[in-house]
Amino acid sequence: MRRLAARGAAGDAGEVAAPAAHSSDSAQGRSPSPWRLIDLCAIWDSGVYLPSAAWNGASSGVARRRLNEAEKLSSVREAQLKRLEVTRPRVLGSREQGRVPRMARKPPPPWVHAAFLLCLLSLGGAIEIPMDPSIQNELTQPPTITKQSVKDHIVDPRDNILIECEAKGNPAPSFHWTRNSRFFNIAKDPRVSMRRRSGTLVIDFRSGGRPEEYEGEYQCFARNKFGTALSNRIRLQVSKSPLWPKENLDPVVVQEGAPLTLQCNPPPGLPSPVIFWMSSSMEPITQDKRVSQGHNGDLYFSNVMLQDMQTDYSCNARFHFTHTIQQKNPFTLKVLTNHPYNDSSLRNHPDMYSARGVAERTPSFMYPQGTASSQMVLRGMDLLLECIASGVPTPDIAWYKKGGDLPSDKAKFENFNKALRITNVSEEDSGEYFCLASNKMGSIRHTISVRVKAAPYWLDEPKNLILAPGEDGRLVCRANGNPKPTVQWLVNGEPLQSAPPNPNREVAGDTIIFRDTQISSRAVYQCNTSNEHGYLLANAFVSVLDVPPRMLSPRNQLIRVILYNRTRLDCPFFGSPIPTLRWFKNGQGSNLDGGNYHVYENGSLEIKMIRKEDQGIYTCVATNILGKAENQVRLEVKDPTRIYRMPEDQVAKRGTTVQLECRVKHDPSLKLTVSWLKDDEPLYIGNRMKKEDDSLTIFGVAERDQGSYTCVASTELDQDLAKAYLTVLADQATPTNRLAALPKGRPDRPRDLELTDLAERSVRLTWIPGDANNSPITDYVVQFEEDQFQPGVWHDHSKYPGSVNSAVLRLSPYVNYQFRVIAINEVGSSHPSLPSERYRTSGAPPESNPGDVKGEGTRKNNMEITWTPMNATSAFGPNLRYIVKWRRRETREAWNNVTVWGSRYVVGQTPVYVPYEIRVQAENDFGKGPEPESVIGYSGEDSYTNNQADIATQGWFIGLMCAIALLVLILLIVCFIKRSRGGKYPVREKKDVPLGPEDPKEEDGSFDYSDEDNKPLQGSQTSLDGTIKQQESDDSLVDYGEGGEGQFNEDGSFIGQYTVKKDKEETEGNESSEATSPVNAIYSLA
């Protein structure tokens, strides 16, 4: 029997009841991330260190101790320190730039000036605005550019031009633009508009115009009453894909074995086109060590062979925006050879060139020319070095760097070793590189001197500076480059030199120092650093805030912690000037600091060892010159969980019964869970085991039961472990297994489902297995139900082996989960367990979009857009909806869009059968899904037949067809009855069938049909062929086809065809007759 030393992970930090406290850092025993940072730059003066950079407001103890030391100084020094105390620091800060408290001091020695300046330039803190939306929306703020187009903005000439500029600020900023450094009057150009609540320019060419007329350099200005922010200078260029100049190319005559270069010389496109070589029949040219394309697009033959005549060679240029390929007129080769027969067997000859009579030659460089060249590359770009050599046999290329090795981590060889690429070049990649071309005849080398230059890049980019009135701060703008870049400061878009003078502002090269800032000091500063290779532009505002203290955490938190553990009480706050924070217990007593208490830099209070008397209500109070705010935290101390009777090591014979005890004492207000491990794995409680609250019993012990058993007693705050080892002895007379003859059944349902380890996207589900009923449980199926999209419907979530009773479940955002578990054995599945408690995950923007997007016309002037709606686990947030966009394909039209809550949308008034680009994007209250891919759909055709097909599915149409079928059936039955009973049918004889003298004829021209006299007409086959004339009605039977033979089936049903004929006088000039209704036909026959 051994007690394990390890105790609960929750025991150190305690537990925070909803709403949760910030205890992530506590669990790791580290100081939490501060809301403010302390930067102390001390100068030794009269034996006392004086802070000269940002203090943390929570470090009031440090300030008081310094003031106590200062009491020994003169009254002048005391006045200095009192002034220092007034300018207490305020919140989160940046180590690089920020507030500098002021001190009235007597003139110090010169070295103190230097030290103070170094301190000022290297340290400092500034207020950081918390991300709390209520604070963000309330505080005034100068503009900040949040989105802009790239500096080199190349656009497709077929589309409308979009130049992006987005900014935030409070109040919301207004926008204007310059073009080529002059004011761009948008109102005077009907093609140009600005998006609402945005600075983004839209230039529309649907009504005509040339995009090239709008090329130039654009810059966006975002302005509110606190300052003006600038975008980069955006160079707008229209993509160009000029045509290849027409030229007639003569055949290229070359001697076999000689080098050859086929020049491409593509038209200058914007951006540059992608070059590739093919034959005129669009077959790719096979490239290898002998034949390859250079980086400039030319095709190089190190030596020409006779087989190169078998195809022609055409250079192709693919242009990015237009997605078009232009093809140059092909080159044809005429190879002069000493061996006119192109015997394919010689291609694999070990000495192919000699076999074909080609003279061997030493290597020479085709590109670059000569023995040396130089190349310049910008820092951060890719360096591409190239060496292409001729020779017979084809030379091999090798690369080296003078005085060192190639950078193996970013160097790679391309184009059959003819090119060396070094990615993300830095200054240390400069130097001399050389390529060595060699074959069996000799070798040559070419040296390339590489110089690395650099466009400006940031060392210290200026950051926004937020200060309280009367405080000091600084902005730093440090950049490097080659050559060294120059720095220019602007304020609200104007050069600082031409701005109104400000006595509180001092410029020292790349740093601006602010002293005694006031509300009027608010502005947006721009740092522009540039050299011949480029520029960087950064905006940083200076904002001066007066904000009373306010608490950022939920009020009246409850924290539960185990006795004798340590815990931390958090109290995040904000204010300007930075408030001083103090802690009190039960609303009385002095400030808590020292002894068993420790106040961290961010204001959190740590209690090093919790005792019973520490239980109570703790109040944190934040104070500055504008007011105070407070919050309370209730601390509850719980008794630890302890196993006071632990399982003992045991030795048992096979077939006997063993009981392992585990009796636990715990805090009655906490829920206790006791579980068992075998060999440190979760124990499957089978039908030979019985688990009770204070013991585990094993019946009919077998050899497989031998091992270590661990009792785990846990609550939501802590746990205790105890372990024992069971040894099983083999017995010669093995007792009969009394369970072998028991009937097997489905397992009982799992019970006591519990959710723990609640996280944003996961939760641990634990259950107690039911009885296996003499058949081991093989699997558990976890199901879930959500109450938003399909309440009451259970879905499979995951499956686990039967040996576990706990699992971490991965969850989707914004789903109100409820779980249940089903056990499975070889007999079948158990009933589902009772549902667990519900757990709702937090929301997030969708990570996918609906699938199966289609666009099809249902009428000739519309297009119906449909998609498969997303389910609950992919919605990720409330109010799932779909942004449907469409526009005609291959036009410069702007996207049409509409928000839809269903799964279809019909676009009306469309042209006939026109292709459309369609996009459907998911959106919820947390944001939009990823940008969707475009799908091509078509509007309706002019002759659309689907509606006709759909009629067959309508209920009224089916009913009408059934009624007509019934009437026809009745008609046929009546015909059959009349024929069987006999009757008179007025029949007009056919022109080609004369009546015989023996045919009985009445005066009215009718025949008498009866059972005794039922002879067919002459020339007919028992058909009724002629005109059936009614006595009192002109209605006729329904026409069945055009002519044909009428006859009866064996069952008596009529299957022939009636053809209605009128008298000659009635039918002249009328080639058709109208069918009457079946009802009238029945009446005429009755």
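Residues numbered from 1 in each chain as written. Predicted model: local features only at pLDDT ≥ 70, side-chain atom pairs only at ≥ 80, totals over all residues. Heavy atoms only, no water.

Asker: Is there a simple way to think about the overall build of the protein chain in this case?
Answerer: For the protein chain, the count of helices and strands is eleven helices and 78 strands. Classification of the 1086 residues of the protein chain by burial places 45% in the buried group. Counted over contacts in the protein chain with a minimum sequence separation of 6, partners at least 24 positions apart contribute 67%. Surface summary for the protein chain: the accessible area is close to 56,700 Å², and the carbon and sulfur share equals 50%. (Helix = DSSP H or I, 4+ residues; strand = E, 2+ residues; numbered from the N terminus. Buried < 20%, exposed > 50% of the residue type's maximum accessible area, 1.4 Å probe, protein only. Contact = heavy atoms within 4.5 Å. Areas by Shrake-Rupley, 256 points an atom, 1.4 Å probe, with all protein chains shown as cover.)

Asker: Quick question: what am I supposed to make of the pattern of salt bridges here?
Answerer: A full pass over the atoms with the stated rule returns 46 salt bridges. Close ionic contact of Lys678 with Asp679 constitutes a salt bridge, the shortest N to O distance being 3.2 Å. Arg887 serves as the salt-bridge partner of Glu917, at 3.3 Å between the closest nitrogen and oxygen. With a gap of 30 residues between them, Glu917 in strand β74 (residues 915-924) and Arg887 in strand β71 (residues 881-888) connect regions that are remote in the sequence. Judged by its relative accessible area of 15%, Glu917 is buried. Where salt bridges share partners, they join Arg645, Glu661, Arg663 and Asp694 into one cluster. (Salt bridge = Lys/Arg side-chain N within 4 Å of Asp/Glu carboxyl O.)

Asker: Looking at this structure, how should I read the state of the cysteines?
Answerer: The bond known as a disulfide is covalent and runs between the sulfur atoms of two cysteines. Under the defined criterion, the tally for this structure stands at six disulfides. The partner cysteine of Cys165 in its disulfide is Cys220, sulfur to sulfur 2.1 Å. Between Cys165 and Cys220 the disulfide shows an S-S torsion of about -75°. By sign, it is left-handed. Residue Cys165 is found in strand β9 (residues 165-170), and its partner Cys220 is found in strand β14 (residues 216-224); the two are separated by 55 residues along the sequence. The exposure classification of Cys165 matches that of Cys220, with both residues buried. In this model, Cys264 is linked to Cys315 through a disulfide, with the two sulfur atoms separated by 1.9 Å. Classification of the bridge connecting Cys264 and Cys315 rests on its S-S torsion, roughly -70°, and on that basis the disulfide is left-handed. In this pair, Cys264 sits in the loop between β18 (260-262) and β19 (274-278) while Cys315 sits in strand β22 (residues 314-319), placing the two residues 51 residues apart along the sequence. No difference in accessibility class separates Cys264 from Cys315, as the two residues are buried. (Disulfide = S-S within 2.5 Å.)

Asker: It is not clear to me how the packing of aromatic side chains should be interpreted in this structure. Could you clarify?
Answerer: Counted according to the given criterion, the structure contains 13 aromatic pairs. Ring geometry for Phe205 against Tyr214: centres 5.7 Å apart, planes inclined by 70°, an arrangement best described as edge-to-face. Exposure class is identical for Phe205 and Tyr214. Each is buried. Here the aromatic rings of Trp886 and Tyr905 are separated by 5.5 Å at their centres, their planes lie at 35°, and the arrangement is tilted. (Phe/Tyr/Trp six-rings, centres within 6.5 Å; stacked < 30°, edge-to-face > 60°.)

Asker: Can you help me understand the sheet that holds strand β54 (residues 658-661) in this one?
Answerer: Note on sheets: strands pair through backbone hydrogen bonds, and any given pair is parallel or antiparallel. Taken together, the three strands give an open sheet; going across it, the order is β54-β59-β58, and neighbouring strands pair in antiparallel fashion. This sheet does not close on itself; its edge strands, each paired only once, are β54 and β58 (689-692). When strand polarity is set aside, the average angle formed by the axes of neighbouring strands in this sheet is 10°. (Pairing = 2+ DSSP bridges. Axes fitted to C-alpha atoms, helices over the stretch in contact; angles between N-to-C directions.)

Asker: Whenever I open this one, the environment of Thr756 confuses me. Can you help?
Answerer: Among the structural elements, Thr756 can be located in strand β62 (residues 751-756). On the basis of relative accessibility, which here comes to 25%, the residue Thr756 falls in the partly exposed class. Between the alpha carbons of Thr756 and Thr766 there is a distance of 7.8 Å; along the sequence they are ten residues apart. Aside from chain neighbours lying at most four places away, what touches Thr756 is Val763 and Arg764.

Asker: Is there a simple way to think about the side chain of Ser695 in this case?
Answerer: Relative to the helices and strands, Ser695 resides in strand β59 (residues 695-698). Judged by its relative accessible area of 3%, Ser695 falls in the buried class. If we skip the residues at most four places from it in the chain, Ser695 touches Gln659, Leu660, Glu661, Cys662, Trp676 and Lys690.

Asker: Looking at this structure, how should I read the sheet that holds strand β64 (residues 779-786)?
Answerer: Taking strand neighbours across the sheet as the criterion, the four strands line up as β65-β64-β67-β68 in an open arrangement whose pairing is antiparallel. Both outer strands of the open sheet, β65 (795-801) and β68 (839-840), are each paired with one neighbouring strand and no more. Summarising the sheet, strand β67 (residues 816-824) and β68 pair through two bridges and their orientation is antiparallel. Pairing of Asn816 across the sheet is with Arg840, part of β68.

Asker: Help me understand a nonpolar patch on the surface, please; the structure alone is not making it clear to me.
Answerer: On the surface, Leu966, Leu967, Leu969, Ile970, Ile973, Phe976 and Ile977 cluster together into a nonpolar patch covering about 570 Å² of accessible area. For Ile970, the location among the structural elements is in helix α9 (residues 955-981). Classification of Ile970 as partly exposed rests on a relative accessible area of 35%. (Patch = residues over 30% accessible without salt bridge, like charges linked within 9 Å, V, L, I, M, F, W, Y side chains within 5 Å.)

Asker: I keep staring at the pairing of strand β61 (residues 719-729) and nothing clicks. Help me out?
Answerer: Side-chain positions along a regular strand alternate between the two faces of the sheet. Inspection of the sheet shows strand β53 (residues 650-653) paired to β61 by four bridges, in the parallel sense. Bridge pairing links Val651 to Thr727 in β61. Between strand β60 (residues 707-714) and β61, which pair antiparallel in sequence order, lie four residues.

Asker: Can you help me understand unusual backbone geometry in this one?
Answerer: With the exception of glycine, most residues fall at negative phi, and the peptide bonds are largely trans. With omega at 5°, the peptide bond leading from Asn482 into Pro483 counts as cis. Assignment of secondary structure puts Pro483 in the loop between β36 (478-482) and β37 (486-491). For the peptide bond that leads from Ser576 to Pro577, omega is 5°, which places it in the cis range. Phi at Asn417 is positive, roughly 70°, even though this residue is not glycine. Here Asn417 lies in the loop between β30 (411-414) and β31 (419-422). In this model, Asp680 sits at a positive phi of 65°, which is unusual for a non-glycine residue. Mapped onto the secondary structure, Asp680 falls in the loop between β56 (673-678) and β57 (681-682).

Asker: Would you take a moment to explain the side chain of Thr178 for this structure?
Answerer: By the secondary structure assignment, Thr178 is in strand β10 (residues 174-179). By relative accessible area, which is 13% here, Thr178 ends up buried. Setting aside residues up to four positions removed in sequence, Thr178 forms contacts with Phe183, Phe184, Glu217, Tyr218, Gln219 and Phe221.

Asker: I tried to follow the environment of Asn504 on my own but got confused; where do I start?
Answerer: Looking at the element boundaries, Asn504 is found in the loop between β38 (494-495) and β39 (505-508). In this structure, the C-alpha to C-alpha distance between Asn504 and Gln518, residues 14 residues apart in sequence, is 9.0 Å. Ignoring any residue separated from it by four or fewer positions in sequence, one finds Asn504 in contact with Ile513, Phe514, Arg515 and Asp516.

Asker: What am I meant to see in the confidence of the model for the protein chain here?
Answerer: Residues at a pLDDT of 70 or more form 75% of the protein chain, whose mean pLDDT is 79. When pLDDT is averaged over each element of the protein chain, strand β21 (residues 299-301) comes out on top at 97 and strand β4 (residues 48-51) at the bottom at 29. Here residues 1-125 is a poorly scored stretch, pLDDT under 50, and it has 290 contacts once near neighbours within four places are set aside; other chains count. A low-confidence stretch, residues 983-1086 stays under pLDDT 50, and its non-local contacts, those more than four residues away or across chains, total 124 contacts. (pLDDT = per-residue confidence, 0-100.)

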